[in-house]
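# Notes for the structure review
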Amino acid sequence: MQQIRLWMFAAILTISGATVLTSCSKDDDNKTIVPPQKEYFTLWNQCEALTALQDYVKDVTNPASANYIPTEDRIATFDMDGTFVGELYPTYFEYNLLEYRALDDATYEAPKDVMEAAQEIRDFVRNGKKLPDHFDMKHAYAAAKAYAGMTLAEFDAYVKAYAQHTANGFTGMTYGESFYKPMLEVFDYLKDNGFTYYVVSGSDRFICRALTERIGIPSNRVIGMDVKLHSTSQGDVEGVNYTMGKEEDLVRTDELIIKNLKTNKVLQISQEIGKVPVLSFGNSGGDAAMHNYALGNQKYKSAAFMLIADDDQRDHANREKALTLGEQWRTAGYHVISMRDDFKTIYGDGVVKTDFTFPVDVRPLTEWQAGRTVSQEAVDAFGGIDKCFSAGPIPDGVWARMQGKTYKENPYIGRDDLRHIRVLHWDYDNQMHVGEMVCNAMIADRVVTILRQLFDAKYPIQRMLLPDVYDADDERQMEDNNSSCFCYRNIAATNNLSKHARGLAIDINTLYNPYIKTLDDGSLLIQPATGEPYCDRTWDFPYKIDHDDLCYRLFTEAGFEWGGDWTTRKDYQHFEWVE
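This is a predicted model, so every value here is computed, not measured. (Residues numbered from 1 in each chain as written. Predicted model: local features only at pLDDT ≥ 70, side-chain atom pairs only at ≥ 80, totals over all residues. Heavy atoms only, no water.)

## Digging into the sheet that holds strand S13 (residues 418–426)
As a reminder of what qualifies: Strand pairing is assigned whenever DSSP identifies at least 2 bridges connecting the two strands. Each helix is a run of H or I in the DSSP string that is no shorter than four residues. Each strand is a run of E no shorter than two, and both are numbered from the N terminus. A fitted line through C-alpha atoms serves as each axis, taken over the contacting stretch for helices, and the angle formed by two N-to-C directions is quoted from 0 to 180°.
Reading across the sheet, the 3 strands line up as S12-S13-S14 and stay open at both edges, with antiparallel pairing between neighbours. For this open sheet the edge positions go to strand S12 (390–392) and strand S14 (432–440), each flanked by a neighbour on one side alone. When the angles between neighbouring strand axes are averaged without regard to direction, this sheet yields 20°. Sheet topology note: the S12/S13 ladder contains 3 bridges and is antiparallel. The residue bridging alanine 391 from the neighbouring strand is isoleucine 421, located in S13.

## Things to note about unusual backbone geometry
Residue tyrosine 89 is joined to proline 90 through a cis peptide bond whose omega torsion reads -15°. Within the fold, proline 90 resides in the loop between strand S3 (75–78) and helix H3 (93–103). With omega at 0°, the peptide bond leading from glutamine 527 into proline 528 counts as cis. Structurally, proline 528 is set in the loop between strand S17 (524–527) and helix H17 (550–557).

## Details of the nonpolar core
Across soluble globular proteins, you tend to see nonpolar side chains buried next to one another. In plain terms, the rule: To qualify as a nonpolar core, a set must consist of buried Ala, Val, Leu, Ile, Met, Phe, Trp, Tyr and Cys residues joined through side-chain atoms within 4.5 Å. Exposure is judged per residue with a 1.4 Å probe applied to protein chains only, and the accessible area is read against the type maximum: over 50% gives exposed, under 20% gives buried, and values in between give partly exposed. Contacts between residues were defined by any pair of non-hydrogen atoms, one from each residue, lying within 4.5 Å.
Among the nonpolar cores identified, the biggest contains 76 residues, and Leu53, Phe78, Phe84, Phe93, Met183, Leu190 and Leu279 are the most heavily contacted of them. If one sorts the elements of this core by residue count, helix H2 (residues 48–60) sits on top with 7 residues. Not counting chain neighbours up to four residues away, the residues in contact with leucine 279 comprise Leu53, Tyr56, Ile75, Ala76, Thr77, Leu190, Phe195, Ala303 and Phe305. Among the nonpolar cores identified, the runner-up in size contains 44 residues, and Phe389, Val448, Ile450 and Met464 belong to it.

## A closer look at the sheet that holds strand S16 (residues 515–518)
Within the open sheet, the 3 strands sit side by side as S17-S16-S19. Their pairing is antiparallel. Strands with a single pairing partner mark the edges of an open sheet, and in this sheet they are S17 and strand S19 (569–571). Between one strand axis and the next, the sheet turns through 10° on average, direction left out of account.

## Some points on the layout of surface pockets
Defined as follows: Buriedness of a pocket was judged along seven lines, with at least five required to meet protein on both sides within 12 Å; pockets are open sets of points on a 1 Å grid over the protein atoms alone, cavities are sets where a 1.4 Å probe fits but cannot get out, and lining residues have an atom within 4 Å of a point. Grid points are joined across faces, edges and corners, and a volume is the space filled by probe spheres set on the points. For this classification, the nonpolar set comprises Ala, Val, Leu, Ile, Met, Phe, Trp, Tyr, Cys and Pro, the charged set comprises Asp, Glu, Lys and Arg, and every other residue, Gly included, is treated as polar.
Within this model, the largest pocket holds a volume of roughly 1,400 Å³. Taken together, 43 residues line the largest pocket, and the ones lying closest to its centre are Glu87, Tyr92, Asn283, Ser284 and Lys321. Those elements giving two or more residues to the lining of the largest pocket turn out to be H3, helix H5 (135–146), strand S5 (196–204), helix H9 (263–272), strand S9 (303–308) and helix H11 (319–331). Per-class residue counts for the lining of the largest pocket are 18 nonpolar, 13 polar and 12 charged. Put simply, the second largest pocket is a space of about 790 Å³. What lines the second largest pocket is a set of 33 residues, among which Glu109, Ala110, Gln369, Ala370 and Arg401 lie closest to the centre. Breaking the lining of the second largest pocket down by element, the ones donating at least two residues are H3, helix H4 (112–127), helix H14 (396–402) and S13. Classifying every residue of the lining of the second largest pocket gives 14 nonpolar, 4 polar and 15 charged.

This is the structure we're talking about:
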């Protein structure tokens, strides 16, 4: 009977997927079941980094070792993007998500700064245009604003829904599945050896939580970029003065608290974990401070590991750059993990690298926000260049945006006197954009013709947005080098209505072509103030308007006068209709 029970137990273990080993004695009724030894790192090749990690863990978990670390102090920190989650499809997940939110999500109308940041990401990944300096912070502020008003549950669902998209540049994998499988084995190994690991990422904390939930990382062990939260009925009251009700939810705001990069990672580790890590894993210079913090641990032996994306066959990698970084990290005292040499697989079986694909937005260009970069494919899909230049009645949505900003109730001009213009224009980097302008009906067709001639000549106009985007603040829009027409306002430093108030004057490339007037006290009024370097018209610079300029010639031949020819003041950006 005992032998029957033993065989039944073995059968149950076999059915459940377990493998058993038995040691036999002369008495067949007396068998001992020995559990198998767990096998780690089946997806790794034998390599220096893996050996270093295993030797380190064996040493610090050995009670007899001088380097023994108690379980409660075995703290490991991991960056996320590029360390155990793919980041080359074709950029960070959170960048892709913002691009989608601002440019492709038809339910969301992005503010100017959000749309601009998203467009810069798109131009980077599709056209190779370099991201602006300090773009990580620009993105952080834009992302805070882009998801403001969402409850935490809504944002979590939004992230997870986007994560179900197929990862660009691969088949057989979604964004939400794009984990480096060998690195997941590191988590498993450390957990079984008494380590507690934390995700410490520059990405939004709640994005990280949404992505890592599926691999079992508890949300309270995720540290990332943070925005301020408030409850749904809190309004502008500070939390210290407000008691949240049972029926309320937590909502994201547009206020950035911290971008969790470089030394900020160390500060967050200190505040949230309260202990110095003994292991640190990353992949970029943004992780070096975190590594150095661990390596500076005064109490315990520590180690740091940098993963380099040097596999250009199975992943979208710049191998030359990765190898250079590898040498840099070794010099800094970090162990280097090579994706190409050390991983048997990256994303697992069935995942194949492909070329990146960027589908054409099939929505009509008339639905695109001004400022969007336009591809020739999108223009062709819309019906060609000729259809992209038009003037018509002001749409209801545009008119609503104008109220209290560029349009104020007045006895001189109304909606029927104005026209809404939509055109294409080139910037100085030869990128094609959607532009819009409101002007007087008397000059609308004439203006469209001029803007089409400038477009055909690839004349650069950096921005063409309605001043309402800047809350009709003329200084702000000029500082941003915006080109516009209608705005119900006075002439600068006077009580007289400007011709802009009737939509009969157009300002082009305003930063580089400032307004200059000598005041009664002899001082200069320069608008925008940041345009002062461009008051000297004797030297050449981008976007400069002078008598040799095509913009000057087209406007003046069409019946406009140029403010640069005025004597009592100079308004180099300004063309007004001569009535």
